[in-house]
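Survey of secondary and tertiary structure
If you want the building blocks of each chain, they are given just below.
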Amino acid sequence: MRPALKYGLLFAAGWIVLKMIFKALGVLQDDLFVPGLINNFFLLLAIAVGLFFEKKKEGFGSGTALSDIKNGMIAGTPYAVIVSVFIFFYYKDITPEYVENRAQERIDLVYNAMQRPAYVDSLKMSDAKYAVMTNDEIFSEMKEGIQSSFDTNFLLTFSLLGLIVLAVTYSIFTTVIFRKILLRDYYK
């Protein structure tokens, strides 16, 4: 197995284990920021460590920048797919109440805002489709939008897209850092 792929899979498994440890301990269950940072850090580590060991296997100084980016993506893509699928099942089967609670909190905020006539008037002025709707129709449409944005299928698509974009970005930056700073003696 290629080193880049191996480290992509290893760090994805590490993040899944860490997320399950957080669940078992009841730590950071309502927080998205810290687990998100850890997720991004593990993705970066998977790409950097995978690229380093891939370069070590090939020989430092060999290959092109595009092959290095490709090797970074070999580590980042499986990480993104595995973690996104895990996130889908985590919020669908393991903690569905989290998504339901977040959606209900947002619906409650919209309901409370809809009680203010100034808010409803601003909605009707900002969007022509709301101008001809009653307050109940506006609320029901907004409620549908909130529920669909908290759907686990949407979450899967959004997390997969975000992690793939991050993987491409991290692969480019890691390649530049390796070639221009860390391994510059080999690329003269």
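Residues numbered from 1 in each chain as written. Predicted model: local features only at pLDDT ≥ 70, side-chain atom pairs only at ≥ 80, totals over all residues. Heavy atoms only, no water.

Quick notes on the pattern of salt bridges
Overall, the coordinates contain four salt bridges when judged by the stated rule. In this structure, R2 engages E54 in a salt bridge whose closest nitrogen and oxygen atoms are separated by 3.3 Å. Taken together, the positions of R2 in the segment before α1 (3-25) and E54 in helix α2 (residues 33-58) put the pair 52 residues apart, joining distant regions of the chain. Looking at E54, the relative accessible area reads 3%, which means it is buried. Among the salt bridges present, the one from R179 reaches D68, with a minimum N-O distance of 2.9 Å. Taken together, the positions of R179 in helix α8 (residues 152-182) and D68 in helix α3 (residues 65-94) put the pair 111 residues apart, joining distant regions of the chain. What emerges from the salt-bridge pattern is a single network uniting K55, D68 and R179. (Salt bridge = Lys/Arg side-chain N within 4 Å of Asp/Glu carboxyl O. Helix = DSSP H or I, 4+ residues; strand = E, 2+ residues; numbered from the N terminus. Buried < 20%, exposed > 50% of the residue type's maximum accessible area, 1.4 Å probe, protein only.)

What about helix α4 (residues 96-114)?
With 19 residues, α4 ought to run about 27 Å at 1.5 Å a step, and its terminal C-alpha atoms sit 27 Å apart, in line with that. Of all the residues in α4, the buried ones are Y98, V99, A103, I107, V110, A113 and M114. Along the axis of α4, the buried positions cluster into a sector of 165°, meaning they face one direction only. Buried residues along α4 sit against α3, α5 (117-126) and α7 (135-149). (Expected span 1.5 Å × (residues − 1). Arc of directions from axis to C-beta. Contact = heavy atoms within 4.5 Å.)

Quick notes on the nonpolar core
Counting 23 residues, the largest nonpolar core has F11, W15, F42, L43, Y79, V83 and Y91 as the members making the most contacts within it. Of all elements in the fold, only α1, α2, α3, α4 and α8 reach the threshold of two or more residues within this core. No other element matches α3, which puts eight residues into this core. Filtering out sequence-adjacent residues up to four positions away, W15 remains in contact with P35, I38, N39, F42, Y79, V83, F86 and I87. Listed in part, the twelve residues of the second largest apolar core include I107, V110, Y130 and M133. (Core = buried A, V, L, I, M, F, W, Y, C linked by side-chain atoms within 4.5 Å.)

Quick word on the confidence of the model for the chain
Looking at the chain, the pLDDT average stands at 89 and 98% of residues meet or exceed 70. Looking over the chain, one finds the lowest element-wise mean pLDDT in helix α6 (residues 128-131), namely 81, and the highest in α1, namely 94. (pLDDT = per-residue confidence, 0-100.)

Some words on the environment of V81
The topology assignment puts V81 in helix α3. The spatial distance from the C-alpha of V81 to the C-alpha of V176 is 24 Å, given a sequence separation of 95 residues.

Overview of α2
The end-to-end C-alpha separation of α2 is 37 Å, in line with the 38 Å expected for 26 residues at 1.5 Å each. Within the span of α2, buried status applies to P35, I38, N39, F42, L43, A46, I47, A48, G50, L51, E54 and K55. Looking at the buried residues of α2, the elements they touch are α1, α3 and α8. Directly beyond the C-terminal end of α2, a positive phi value near 110° is found at G59.

Here's the deal with the side chain of S84
Assignment of secondary structure puts S84 in helix α3. Overall, S84 belongs to the buried group, its relative accessible area being 0%. Not counting residues within four places of it along the chain, the set of residues in contact with S84 comprises L156, S159, L160 and L163.

Thoughts on the environment of L5
With respect to the secondary-structure elements, L5 resides in helix α1. In this structure the C-alpha to C-alpha distance between L5 and L109, which are 104 residues apart in sequence, comes to 44 Å. Those residues in contact with L5 that sit more than four places away from it in its chain are I74 and P78.

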